[in-house]
Amino acid sequence: MVHAEEDHGENARTHLEQAIESGRKGDARGVGRHAQEAKRELIEENKEHPYTHLQKPIYGEHEKAEHDKEVFEEMDIAIEEAEEGDVEDATEAAERAARHLREKEQSK
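Bear in mind the structure is a predicted one, so any value in this text is a computation, not a measurement. (Residues numbered from 1 in each chain as written. Predicted model: local features only at pLDDT ≥ 70, side-chain atom pairs only at ≥ 80, totals over all residues. Heavy atoms only, no water.)

Trainee: Outline the overall build of the protein chain, supporting the account with residue identities and numerical values.
Mentor: Summing up its helical and strand segments, the protein chain has 4 helices and 0 strands in all. Reading the protein chain from its N terminus to its C terminus gives the helix and strand order α-α-α-α. Out of the 108 residues belonging to the protein chain, those deemed buried represent 39%. Long-range contacts, defined here as pairs at least 24 residues apart, represent 67% of the contacts in the protein chain between residues at least 6 apart. Counting every atom, the protein chain has about 6,600 Å² of accessible surface; 47% of that belongs to carbon and sulfur. (Helix = DSSP H or I, 4+ residues; strand = E, 2+ residues; numbered from the N terminus. Buried < 20%, exposed > 50% of the residue type's maximum accessible area, 1.4 Å probe, protein only. Contact = heavy atoms within 4.5 Å. Areas by Shrake-Rupley, 256 points an atom, 1.4 Å probe, with all protein chains shown as cover.)

Trainee: Give a description of the environment of Val 71 that names residues and reports values.
Mentor: Turning to its location among the elements, Val 71 is positioned in helix 3 (residues 63–83). Distance in space between the C-alpha atoms of Val 71 and Arg 99 is 8.2 Å, their sequence separation being 28 residues. With residues up to four places along the chain from it excluded, the contact list for Val 71 reads Leu 42, Ala 97, His 100 and Leu 101.

Trainee: An account of a negative patch on the surface is needed here, citing residue identities and associated values.
Mentor: Residues Glu 80, Glu 83, Glu 84, Glu 88, Asp 89 and Glu 92 make up a contiguous surface patch of negative charge. When residues of the negative patch are traced back to their parent elements, those giving at least two are helix 3 and helix 4 (87–106). The dominant element in the negative patch, judged by the number of residues it contributes, is helix 4, at 3 residues. Within the secondary structure, Glu 83 is located in helix 3. (Patch = residues over 30% accessible without salt bridge, like charges linked within 9 Å, V, L, I, M, F, W, Y side chains within 5 Å. Salt bridge = Lys/Arg side-chain N within 4 Å of Asp/Glu carboxyl O. Lys, Arg positive; Asp, Glu negative; His and termini not counted. Charge placed at Lys NZ, Arg CZ, Asp CG, Glu CD.)

Now the structure itself:
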C-alpha cells in the first residue's frame, strides 16, 4: 500500500511540474489539464490519509494537513485561472502548489 501512495504523490509532482512547464510555454490549457491530473492523484493519495479533514485544526499542529490544504487551494486557483486563459496567474498558482507539495512531503 505504501508503494501505491508514493506513486500517487510522485505522479502529482510530475503533473505539477508539467503544468508549470506548460505555463512557461504559454499553454493555459496545459496548465489546467496537468493541475487537474495532479489534483486527482492527490485525492487518490489522501484516501488513505485524509489530511484535509482535521478534527482539531490548530495551526502548526498538523503540518502535513496544512500543506495539503494549501496544495489543493493552489491547484484550484491554477485550474480556474487556466480556464480563464490567464496563463501567468495559473502558472504562479501551480508553482505555489508544487512548493506546498514539497513542504508537505518534508513535514512531520
